[in-house]
Amino acid sequence: LENFATDPKSVVADILSIPGCPPFPPSEWLNVVQWKYVDLGKVLNSAHTTELDPKKIHIIDDEIELALWVLKSLGGIKTSSDHNIAFSMYIKAITFVFLQ
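Residues numbered from 1 in each chain as written. Predicted model: local features only at pLDDT ≥ 70, side-chain atom pairs only at ≥ 80, totals over all residues. Heavy atoms only, no water.

S.K.: So what exactly am I meant to see when it comes to the overall build of the chain here?
M.R.: Within the chain, the secondary structure is distributed over five helices and two strands. Looking at the 100 residues of the chain, the share that counts as buried comes to 25%. Taking all contacts inside the chain whose residues are at least 6 apart in sequence as the whole, residues at least 24 apart take part in 46%. Counting only carbon and sulfur atoms, one obtains 57% of the accessible surface of the chain, whose full area is about 7,200 Å². (Helix = DSSP H or I, 4+ residues; strand = E, 2+ residues; numbered from the N terminus. Buried < 20%, exposed > 50% of the residue type's maximum accessible area, 1.4 Å probe, protein only. Contact = heavy atoms within 4.5 Å. Areas by Shrake-Rupley, 256 points an atom, 1.4 Å probe, with all protein chains shown as cover.)

S.K.: Would you mind showing me how to read helix α3 (residues 26-33) here?
M.R.: Inspection of α3 places Glu28, Trp29, Asn31, Val32 and Val33 among the buried residues, and these make up the whole buried set. Phi for Trp35, located one or two positions after α3, is positive at around 55°.

S.K.: Which parts of the structure should I look at to understand the nonpolar core?
M.R.: Across soluble globular proteins, nonpolar side chains show a tendency to be buried alongside one another. Membership of the largest hydrophobic core comes to 17 residues, with the highest contact counts inside it found for Ile15, Phe24, Trp29, Val33 and Val43. Sorting the residues of this core by element identifies α2 (8-16), α3, α4 (40-47) and α5 (80-97) as the ones contributing at least two each. For this core, the element with the most residues is α5, which contributes five residues. Those residues in contact with Ile15 that lie beyond four places of it in its chain are Cys21, Trp29, Val33, Phe96 and Val97. (Core = buried A, V, L, I, M, F, W, Y, C linked by side-chain atoms within 4.5 Å.)

Right, dumping it as structure tokens:
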């Protein structure tokens with residue numbers, strides 16, 4: 001807890017390296033460590049996507065096609081189920097960091 005105020009990015013790196021760390025966006029881990037607002041929409045989007053969007057396609061030597069994909073966002077929290085999923089992930093992250 002001493003490092004939370006002095007070096008929060010290092011604390012997040014340490015958290016992410018612990019086995020059993022729950023899935024949670026790194027930017028939101030930083031908000032947890034700094035006691036800031038956690039965007040549940042970002043938390044939900046990190047866990048669920050509807051499909052993949054093609055980002056770029058490169059053809060190398062007319063034989064190899066390299067395709068890079070990015071995840072398509074769900075567009076935030078729209079239902080109570082979305083909120084429950086995101087809030088449950090938030091609670092798991094909080095209890096993982098602040099053990100009782």
